[in-house]
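Structure assessment
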Amino acid sequence: MKKSFIFKMLSLFMVASFALAACGGGAVTEAPAQTEAPAMTEAPAVTEAPATEAPSTEEVALRWRTRPDNQEEIDVYSQISTELDAQLDGITLTYEPGGTEGANYQDQLRSEVAAGTAPDVFWIPGTDVADFATRGLILNISDLAAQTEGFNVGDFYPGPMYHLTYNPETDASGADSGALWGLPRDVSTFALYLNLDLINEAGAPDPRELAKEGKWDWNAFLDVAQKTRALGSDIYGYGASAWWGPYGVWLNASGGGFFTADRKACALNTPESLQGLDFQRSLYQDYDVATPYGEDPEPPFRAGKVAMFQNGRWATPGVRTVDFNWDVVELPNGPKGTPGNWLFWGAYVINAKTAHPEEAWKLVQALTTAQTQGEVAALGANIPSRVSQEALDAFLTFTPPANNQAFLNGIADAAAPTAEGPLWAGSWPEFDKIMGPAIQGVLTGATTVDAFGTTICDEANKVFNQ
Amino acid sequence: MTKVASLDARTNQILRLQVIWRVVFAVLAAAGTLAPWIGWVTLASNWQKILVSALLLVATLASLIGARQLTRRSHAGRLVSLTLDYLAFVTCAVITLNTGEIFIGIDALGETFGRGLPYLGIAIAGYFLGAIEDYYPQRNLSVTTSLKTVSRWIILGGFVLFLWQVGAVNGLLYFLGKLAQPKGFVAVAGILVFGFSLWSMMRPEVAQALNAKTNHEQIINGWLFLSPNLLGFLIFFAGPLILSFYFSFTDSDAFNPPNWVGFDNYARILNVRFAWLSTPDQLARDVVDIKVYDEVGRLTLGNGGLLFAAADKFFWLALRNTLTFVLFAVPFSVIPALLLSNVLNSKLPGMKFFRAVYFMPSIAAVVGISLVWQWLYNATIGYINYFITLGIEFWNNLFNLAVVDPKIQWVSDEKTALFAVIIIAAWQSMGFNTVLFLAGLQNIPGELYEAATVDGAGSWAKFWGITLPMLAPTTFYVVSTTTIQAMQVFEQVFILMNPPEGPNNSTITLVLYLYRSGFQNFKQGYASAIAWVLFIVIFGLTLVQFQRQRRSSIYEG
């Protein structure tokens, strides 16, 4: 009887401990700012920031999230969160790394937004901005920005800011558009990671030298790729992942692209786009210099079996661990004299349901200062999104690779990079799901370029204004 | 006699209070029924208002019926009261926990509780110290007393440290702080009121006064024990199921109030066209309205052909891939399991070890397995191709052959991608199916085999004539469950393939597509419709299997 009573008491104690430990976590790390979703009302197409609240002396708890690529980035962002926590008066921060192997960052975030439990400030890729903005999921912070002394949208790269200041109600963009959806966390672009040992062994010219001499074009690229491919059946001249970024550059470089200039229709079937696609197809099908399309090229590159690996700055931390001589070079120039590179970016945005928009805006600004961006850039994964010679100079010091300048050349005005961006007049995810398999069909030889050009826009144009 | 009289008086008092309480409850529930419609409570959409009002209306009517039955001293009144008060009690408890942010804090439980675990270990060590006496009695009484005392202090100290480390004090203060708001007060008051009502109605005197019989008490206790599971089922399974059925008739995007669209979602899924082609390569736009339809596939017939187009081609591609997956994955995971179970059923040494080995893939995490297979499948540096190359080189050198290394692009070639997923799925589910077959095999009476041996039957004849027929119920179960699982294939594809749809949509499956529609394209309504179509397909397949089982089963009573 006594033992039974003790067991009952112990069980009760354990359950109570669980409950109190759950609350203890909240009490210790501060409760999320948004404890429950406000009642849903008809969401306006464009969510305006709430009116300014009366100043409060209470400590405001904010949760924020950005997608890290590895543990080192998680550590840096955690450190940044701690520093900003100390800097921002009246604001307590909690950093949440998002996304795992089993839970895609964006999918998880969307679920939390739907459930009303998303953080106050979060990062989204540039392609998602329109979806989040037009559905009223993120705040339009243009009013808050207008009241902020010293804030200038011109401090950031114009490509991302075009989309981040796009007002879907007026089709206007820029500082006076009446829209500001967030600030870019960083920018990035593609370069070719070079296995210098393979290139030397093949007796191919050094792409970095060719680039300096202005001779780094598609023909020179093909020449290096073919010479290195000849080293062995398991050695490849070129490797790129299977998503829109890598194949898009070939279309851009020949003067084509995914969309028309106003981004309101498909342009995949223009002669320029098809020319770029055909050249890329030839790398896989005619010259057989590339790792099979659809296979991850990073493992073979790191195993020393790929001479030129196309990837963004984010691949640098991983490549730093290889045991061969390597460096980077900008993408080769296409028929139009530019490499057709992308200006990748993602933005810190503010949850439309945050209870503390002003504090969240302060946090977004703090996360995008030159100092904060420099701390992240030191990892070698990102380029600061502020247009500042100081930031660029600092970036050049984060070696290896020795030729960091290649990344900056990729985003320079002379290279005319195309800014990654959402579809304000359609659904980017659906466009991507139609375009990706069709391009894959061409690059794997299942479809001809002509057949692709004949049918692709019939299907892809359906995603506009659905 | 006096005691009995006073008990009766108290019971009567309780019953009178219960009747009044039932009427008050009914009035409150009726007010709650109207609350969402007159602005007292804000709910996001009409379906939520209707649901809440309907539930409260039922509660109102039930409470009034309960009051009437109680006045008649009918036991039905007690059952109604207990049911309503129990449900309201649970609701208030959940609201209290939610108001105190227990559920949000659960995310941090692993960290906070983990901090305290070492100190819980101290408390457990203290308990064992005290328990030494039970197992190794001491001759010296003072030693025993000292051990008990030390044990108690260690347990107490361990618990205090544990509570301190898990932040129980902070947690309690935080919890109480959060409850200090109208919602919290109402919820706690609800717990007390409904709890008191439950307690009073559970009193034996009250039960006796309402003519409760033994089986009534058993029924109440039975439902009480069943209630956690039943409520969980209703709230987390049946509720969402019904909700998804409703959403399938709306344009819900999960963020904004949904609009009713009738059968539009289903119509889009099922909107297909067949058209004759005058030449095998005639364009789809020449024969169907390309603004509505996309080509799904074509069949070449002589100089012409047949085009299959659909308004949602991805659904039909997903259905094709899913059925193909089922067609191969089910036999590949059932037939080897059947053969393997016969081998493992033997009494050879080491069989138990191999039973465990073959079962291991079933308990391994799908994400981990898929990532490992991703590396194995890599066309350029993966082990599978590496060994294929080694093997071909070996045979070429040995026999002076010129066999070409196929360098299979397992996951990047549309011809092999789905097959790669099938291999993983079959490999993973084979172990579990083997265990099921083993259980079935061990239920077959040994006398049957002995009789067959006496009759001169060989191993094959025994397997074909005894084992297979006797395993029919197990086989039916294994095939049915494996088919249902295969129809819902998702994780392996989602992790293994990049992008998950695979080359030229060759690995897009129905669950993957509904996930993509609901969580990536913001089309929760459409995704719900896909889910219900998938349900109908699975239901149809299972029904066919049941009917075939009934026809062919000769060993069932």
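Quick caveat: nothing in here was measured; it's all calculated off a predicted structure.

Let us look at the environment of A:Ala451. Residues and elements named next belong to chain A. You can see Ala451 is positioned in helix 19 (residues 449–460). Judged by relative accessible area, which is 31%, Ala451 ranks as partly exposed. Between the alpha carbons of Ala451 and Asn269 there is a distance of 9.9 Å; along the sequence they are 182 residues apart.

Turning next to the sheet that holds strand 3 (residues 304–310) of chain B. Residue and element names in this part refer to chain B. An order of 1-3-2 is seen for the 3 strands of this open sheet, with the pairing classed as antiparallel. The open sheet has two edge strands with one neighbour each: strand 1 (272–277) and strand 2 (294–301). Going from strand to strand, the sheet's axes swing by 20° on average, the running direction of each strand aside. Where strand 1 and strand 3 come together, 6 bridges link them in antiparallel fashion. In the sheet register, Arg273 faces strand 3, and the bridge partner there is Ala309. The sheet contacts of helix 12 (residues 313–344) involve strand 1, strand 2 and strand 3, and relative to strand 2 the element is tilted by about 55°.

With that settled, the discussion passes to the pattern of salt bridges. Applying the stated rule across the entire model yields 32 salt bridges over all chains. Between A:Arg135 and B:Asp253 there is a salt bridge, with its nearest N and O atoms 3.2 Å apart. One end of the pair, A:Arg135, is in the loop between helix 4 (129–134) and helix 5 (142–146); the other, B:Asp253, is in the loop between helix 10 (214–247) and helix 11 (264–270), on a second chain. A:Lys212 serves as the salt-bridge partner of A:Glu209, at 3.9 Å between the closest nitrogen and oxygen. Here the residue A:Glu209 and the residue A:Lys212 both occupy positions in helix 8 (residues 207–212), the gap between them amounting to 3 residues, near one helical turn. For A:Glu209, a relative accessible area of 37% gives the class partly exposed. Using a relative accessible area of 68% as the deciding quantity, one classes A:Lys212 as exposed. Among the charged side chains, a network of salt bridges with common partners joins A:Arg63, A:Arg65, A:Glu96 and A:Glu112.

Let's shift gears to the side chain of B:Thr467. Residues and elements named next belong to chain B. Tracing the chain through its elements places Thr467 in helix 18 (residues 459–470). Side-chain polar atoms of Thr467 contact the side chain of Tyr449, separated by 2.7 Å. Beyond its immediate chain neighbours, meaning those up to four positions away, Thr467 contacts Asn342, Leu441, Ile444, Tyr449 and Lys462.

Further remarks concern helix 9 (residues 218–229) of chain A. Taking 1.5 Å of rise per residue, the 12 residues of helix 9 of chain A would be expected to cover 16 Å, and the 16 Å separating its terminal C-alpha atoms lies within 8% of that figure. Looking only at helix 9 of chain A, the buried set comprises A:Trp218, A:Ala220, A:Phe221, A:Leu222, A:Val224, A:Ala225, A:Thr228 and A:Arg229.

Judged by nonpolar contacts, the single largest core of 127 residues is most densely connected at A:Phe258, A:Leu268 and A:Phe431. In terms of residue count, helix 12 of chain B provides more of this core than any other element does, 15 residues in total. Of the residues that make up this core, three or more belong to each of domain 3 (272–310) and domain 4 (314–556) of chain B. Once you skip the residues sitting within four places of it in the chain, A:Phe431 turns out to touch A:Phe258, A:Phe259, A:Cys266, A:Leu268, A:Leu423, A:Ala460, A:Val463 and A:Phe464. Residues A:Ile80, A:Leu144, A:Ala360 and A:Leu392 belong to the second largest nonpolar core, which totals 78 residues.

How each quantity is defined
Residues numbered from 1 in each chain as written. Chains lettered and ligands numbered in written order. Predicted model: local features only at pLDDT ≥ 70, side-chain atom pairs only at ≥ 80, totals over all residues. Heavy atoms only, no water. Helix = DSSP H or I, 4+ residues; strand = E, 2+ residues; numbered from the N terminus. Buried < 20%, exposed > 50% of the residue type's maximum accessible area, 1.4 Å probe, protein only. Pairing = 2+ DSSP bridges. Axes fitted to C-alpha atoms, helices over the stretch in contact; angles between N-to-C directions. Contact = heavy atoms within 4.5 Å. Salt bridge = Lys/Arg side-chain N within 4 Å of Asp/Glu carboxyl O. Polar contact = N/O pair within 3.5 Å; in protein donor to acceptor, adjacent residues only side chain to side chain. Expected span 1.5 Å × (residues − 1). Core = buried A, V, L, I, M, F, W, Y, C linked by side-chain atoms within 4.5 Å. Domains from an automatic or database assignment.

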